[in-house]
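# Topology and contacts: notes
Each chain is listed here by its residues.
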Amino acid sequence: MNVDIAVIDYGMGNLRSVSKALEHVAPAASVAVTTDPDVILNAGRVVFPGVGAMGDCMHELRERGLIEVVRQAAASKPFLGICLGMQMLFEHSEEGDVAGLGILPGRVLRFPNVAMHDNAGNRLKVPHMGWNEVHQAVPHPMWGGIVDGARFYFVHSYYVEAGNPDMVSAFTLYPFPFTSAVASNNIFAVQFHPEKSQAAGLTLLGNFVTWDGNISANQCDTFNTHCSL
């Protein structure tokens, strides 16, 4: 079975809400929530959502034989990681001291207790939960139609420290700047939940279903951005 969009199902993630949001922005596209390696690898594009603990998610991927499938998909087609699906792309996480997929260089760190206060000295809660601004660091077709500083919905206690700063596509303040989106070739991944982020989130998902996995001058013109290539 060939589908337009495969949502990877490994037993953990907001699979129904993600698939429904994709169906909303692309009603003509075929969307499959699937554990089938053949469906994933033959799909036109792949979404990798995730919630929960990193160690549990890696265990479930391993049990389903999906580790190499995810790696192959991330190397070959437009690929969107969401929340824990972003964190698992990296090499290591402090959460459970576990290895990630190692697709992207970097590590996942817990928000440090000593830093969790605002400018007035008020304590900030962990997990970081709720709406926050996403500041675009570099132009990308995935940001088409989304204003810089648009608010997206977050739920997380850990954040990515990218091994290559050039991968950072957006950052968010809580209270210090942390990476809220990364971009590397055909991979785009976000710490927030676009499927829960109303208009801005649907716009981002809509951009994904038309993005071919490349950044070109023509794409930047199409999405009204200015790229330095």
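Please read all numbers here as calculations on a predicted model, not as lab measurements. (Residues numbered from 1 in each chain as written. Predicted model: local features only at pLDDT ≥ 70, side-chain atom pairs only at ≥ 80, totals over all residues. Heavy atoms only, no water.)

### A short note on helix H6 (residues 198-210)
With 13 residues, H6 extends 19 Å between its outermost C-alpha atoms, agreeing within 8% with the 18 Å of an ideal straight helix rising 1.5 Å per residue. What H6 keeps buried is the set Ala-200, Gly-201, Leu-204, Leu-205, Gly-206, Asn-207, Phe-208 and Val-209. (Helix = DSSP H or I, 4+ residues; strand = E, 2+ residues; numbered from the N terminus. Expected span 1.5 Å × (residues − 1). Buried < 20%, exposed > 50% of the residue type's maximum accessible area, 1.4 Å probe, protein only.)

### Examining the UniProt feature "active site" (unreviewed entry) in the protein
The sites that UniProt annotates as "active site" (unreviewed entry) are Cys-83, His-193 and Glu-195. Their sequence span is 113 residues, while the largest C-alpha to C-alpha distance among them is just 10.9 Å; these annotated residues converge on one region. Assignment of secondary structure puts Cys-83 in the loop between strand S4 (79-82) and helix H5 (84-87). Residues in contact with Cys-83, not counting those within four places in the same chain, are Gly-50, Val-155, Val-190, Gln-191, Phe-192 and His-193. Looking at the secondary structure, you find His-193 in the loop between strand S14 (187-190) and H6. Ignoring any residue separated from it by four or fewer positions in sequence, one finds His-193 in contact with Asn-14, Val-51, Ile-82, Cys-83, Tyr-153 and Val-155. Among the polar contacts listed, one links the side chain of His-193 to the side chain of Glu-195, at a separation of 2.8 Å. (UniProt positions renumbered as here; feature names shortened; annotations may be inferred. Contact = heavy atoms within 4.5 Å. Polar contact = N/O pair within 3.5 Å; in protein donor to acceptor, adjacent residues only side chain to side chain.)

### Regarding the pattern of salt bridges
Note that side chains of opposite charge can pair when their charged atoms are close. Tallied over the entire structure, the rule returns four salt bridges. Measuring nitrogen to oxygen at the nearest pair gives 2.6 Å for the salt bridge that ties Arg-107 to Glu-161. One end of the pair, Arg-107, is in strand S7 (residues 106-110); the other, Glu-161, is in strand S11 (residues 158-162), and 54 residues separate them in sequence. When its relative accessible area of 35% is taken as the criterion, Glu-161 is described as partly exposed. (Salt bridge = Lys/Arg side-chain N within 4 Å of Asp/Glu carboxyl O.)

### Brief notes about the side chain of His-135
Of note, His-135 is situated in strand S9 (residues 135-136). A polar side-chain atom of His-135 sits 3.4 Å from a polar atom in the side chain of Glu-133. Excluding residues within four positions of it along the chain, His-135 makes contact with Asp-148, Gly-149, Ser-169, Ala-170 and Phe-171.

### Regarding the side chain of Ser-157
One can find Ser-157 in the loop between strand S10 (151-156) and S11. On the basis of relative accessible area, Ser-157 is assigned to the buried category, the value being 17%. The residues contacting Ser-157, other than those within four sequence positions of it, are Leu-109, Arg-110, Phe-111, Val-126 and Pro-127.

### A word on the pairing of S7
Two elements, strand S5 (residues 92-93) and S7, share two bridges in a ladder whose sense is parallel. Counterpart to Ser-93 in the pairing with S7 is Val-108. Of the pairings in the sheet, the one linking S7 to S11 comprises five bridges and is antiparallel in character. Each bridged residue has a counterpart across the sheet, and for Val-108 the counterpart in S11 is Val-160. (Pairing = 2+ DSSP bridges.)

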